[in-house]
Amino acid sequence: IRAAVYEFTEPAVLAAFAKAREAGADVRIVFHDKGDQGQANEDAIKQANLDPAMLIKRTHPVIAHNKFIIRCDRAADGSLLPKELRTGSTNLTQGAIFGHLNVGHLIGDPAVAQRFLDYWAQLADQAVTTAALRLWTESTNPVELAAPGIATILSPRATTSRLLDGYGDAFDGAVSSAHITGAFGLNKVFRQRLGVDRGLVRTVLLDQKPDAGQE
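Note that the structure is predicted; figures quoted are calculated from it, not measured.

Caption draft 1: Layout of the overall build of the protein. Of regular secondary structure, the protein possesses 7 helices and 8 strands. Across its three principal directions, the C-alpha atoms of the protein cover 60 × 35 × 30 Å. Counting across all 215 residues of the protein, residues that qualify as buried make up 36%. Within the protein, counting contacts between residues at least 6 apart in sequence, those at least 24 apart form 59% of the total. Counting only carbon and sulfur atoms, one obtains 54% of the accessible surface of the protein, whose full area is about 12700 Å².

Now the structure itself:
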């Protein structure tokens, strides 16, 4: 099991990782360890008595916002064979699991799981700074905005990336309705599109008061 987590305090989840470790699974977890949330994670880890050998502290970014778990098999040569992953916006806290408007995705695609495992290796390497990780995602995870289907998009990205424009185009290209949630406000890409009447139903959910000028 390989995991990368931001808010990591729900006792039942930490206990499940510990149980997997006790059952013989090779468990490694990269966790956010900076500021107040980092301290909360440390306290929960101590309370759960997790084996320090399974934990990797991530301190480079201000917010190490990753939330995914990869389940792998072990090949005969000792390498990991990714099988499936859980990802999405749900943190591993009581509020996130039981209270917030979050989503979770369970993806049984080994190819996608492998992409996340490669990404996890970058997060686990403490020599990889945020700037270096940005270069890695841009070079190894190119995204074709016009391509059909579902895409795996890893972050961080350069501010010159057109991903926000692509998301805005998708939102604005609806023929009957479009809906979006914004936990920390909306980028101007979306605000510009919302300022034009398209004659269709559009819903925006914000979980906090908009910044000045965003009304």
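Having seen it, we continue.
Caption draft 2: How the structure looks around helix 2 (residues 35-48). Along its 14 residues, helix 2 runs 20 Å from first to last C-alpha, staying within 8% of the 20 Å computed at 1.5 Å per residue. For helix 2, the complete set of buried residues consists of Q37, G38, N41, A44 and I45. One face of helix 2 carries all of its buried residues, which in axial projection span an arc of 125 degrees. Exposed residues pointing more than 90 degrees away from the buried face of helix 2 are listed as D36, K46 and Q47. Taken together, the buried residues of helix 2 touch helix 1 (11-22), strand 2 (28-32) and strand 3 (55-58). Just past helix 2, the residue N49 takes up positive phi, approximately 60 degrees.

Caption draft 3: Local environment of the packing of helix 4 (residues 110-124) against helix 5 (residues 130-140). Where helix 4 meets helix 5, the closest approach of the two axes is 11 Å, and the angle between their N-to-C directions is 165 degrees. What the angle tells us is that helix 4 and helix 5 run roughly antiparallel. The handedness of the crossing between helix 4 and helix 5 is right-handed. Side by side, helix 4 and helix 5 meet where D118, Y119, Q122 and L123 of the first sit next to L133, W136 and T137 of the second. Its residues assigned to classes, the contact of helix 4 with helix 5 shows 4 nonpolar, 2 polar and 1 charged.

Caption draft 4: Up close: a nonpolar patch on the surface. On the surface, a cluster of nonpolar side chains totalling about 240 Å² of accessible area is made up of I153, L164 and Y167. Assignment of secondary structure puts L164 in helix 6 (residues 163-172).

Caption draft 5: Structural detail: empty space enclosed by the protein. Taken as a whole, this structure holds 2 cavities of 30 Å³ or more when the rule is applied. Taken as a whole, the largest cavity spans an internal volume of roughly 40 Å³. Lining the largest cavity we find A4, V5, Y6, E7, N66, K67, F68, I69, R86, T90, N91 and L92. For the lining of the largest cavity, the secondary structure elements donating two or more residues are strand 1 (2-5) and strand 4 (68-74).

Caption draft 6: Quick peek at the side chain of T93. Its location among the elements puts T93 in the loop between strand 5 (80-88) and helix 3 (94-98). On the basis of relative accessibility, which here comes to 10%, the residue T93 falls in the buried class. A polar contact of 3.0 Å, which involves the side chain of T93, links it to the backbone nitrogen of A96. When near neighbours in sequence (up to four residues on either side) are disregarded, T93 contacts E7, F8, T9 and E10.

Caption draft 7: Broad picture of the nonpolar core. Residues F68, I70 and W120 are the most contacted members of the largest nonpolar core, which totals 19 residues. Counting residues per element, the ones that place at least two in this core are strand 4, helix 4 and helix 5. It is helix 4 that provides the largest number of residues to this core, a total of 8 residues. Here F68 is in contact with R2, A3, A4, L85, R86, T87, F116, Y119, W120 and L123, once residues within four sequence places are set aside. Ranked by size, the runner-up nonpolar core spans 17 residues in total, among them F17, A18, I45 and L50.

About the cut-offs
- Residues numbered from 1 in each chain as written.
- Predicted model: local features only at pLDDT ≥ 70, side-chain atom pairs only at ≥ 80, totals over all residues.
- Heavy atoms only, no water.
- Helix = DSSP H or I, 4+ residues; strand = E, 2+ residues; numbered from the N terminus.
- Buried < 20%, exposed > 50% of the residue type's maximum accessible area, 1.4 Å probe, protein only.
- Contact = heavy atoms within 4.5 Å.
- Areas by Shrake-Rupley, 256 points an atom, 1.4 Å probe, with all protein chains shown as cover.
- Expected span 1.5 Å × (residues − 1).
- Arc of directions from axis to C-beta.
- Axes fitted to C-alpha atoms, helices over the stretch in contact; angles between N-to-C directions.
- Parallel < 35°, antiparallel > 145°, perpendicular 65-115°, else oblique.
- Left-handed = near helix turned anticlockwise from the far one by under 90°.
- Nonpolar A, V, L, I, M, F, W, Y, C, P; charged D, E, K, R; others polar.
- Patch = residues over 30% accessible without salt bridge, like charges linked within 9 Å, V, L, I, M, F, W, Y side chains within 5 Å.
- Salt bridge = Lys/Arg side-chain N within 4 Å of Asp/Glu carboxyl O.
- 1 Å grid on protein atoms, 1.4 Å probe; cavity = no way out; pocket = protein on both sides within 12 Å on 5 of 7 lines; lining within 4 Å.
- Points joined across faces, edges and corners; volume = space filled by probe spheres on them.
- Polar contact = N/O pair within 3.5 Å; in protein donor to acceptor, adjacent residues only side chain to side chain.
- Core = buried A, V, L, I, M, F, W, Y, C linked by side-chain atoms within 4.5 Å.

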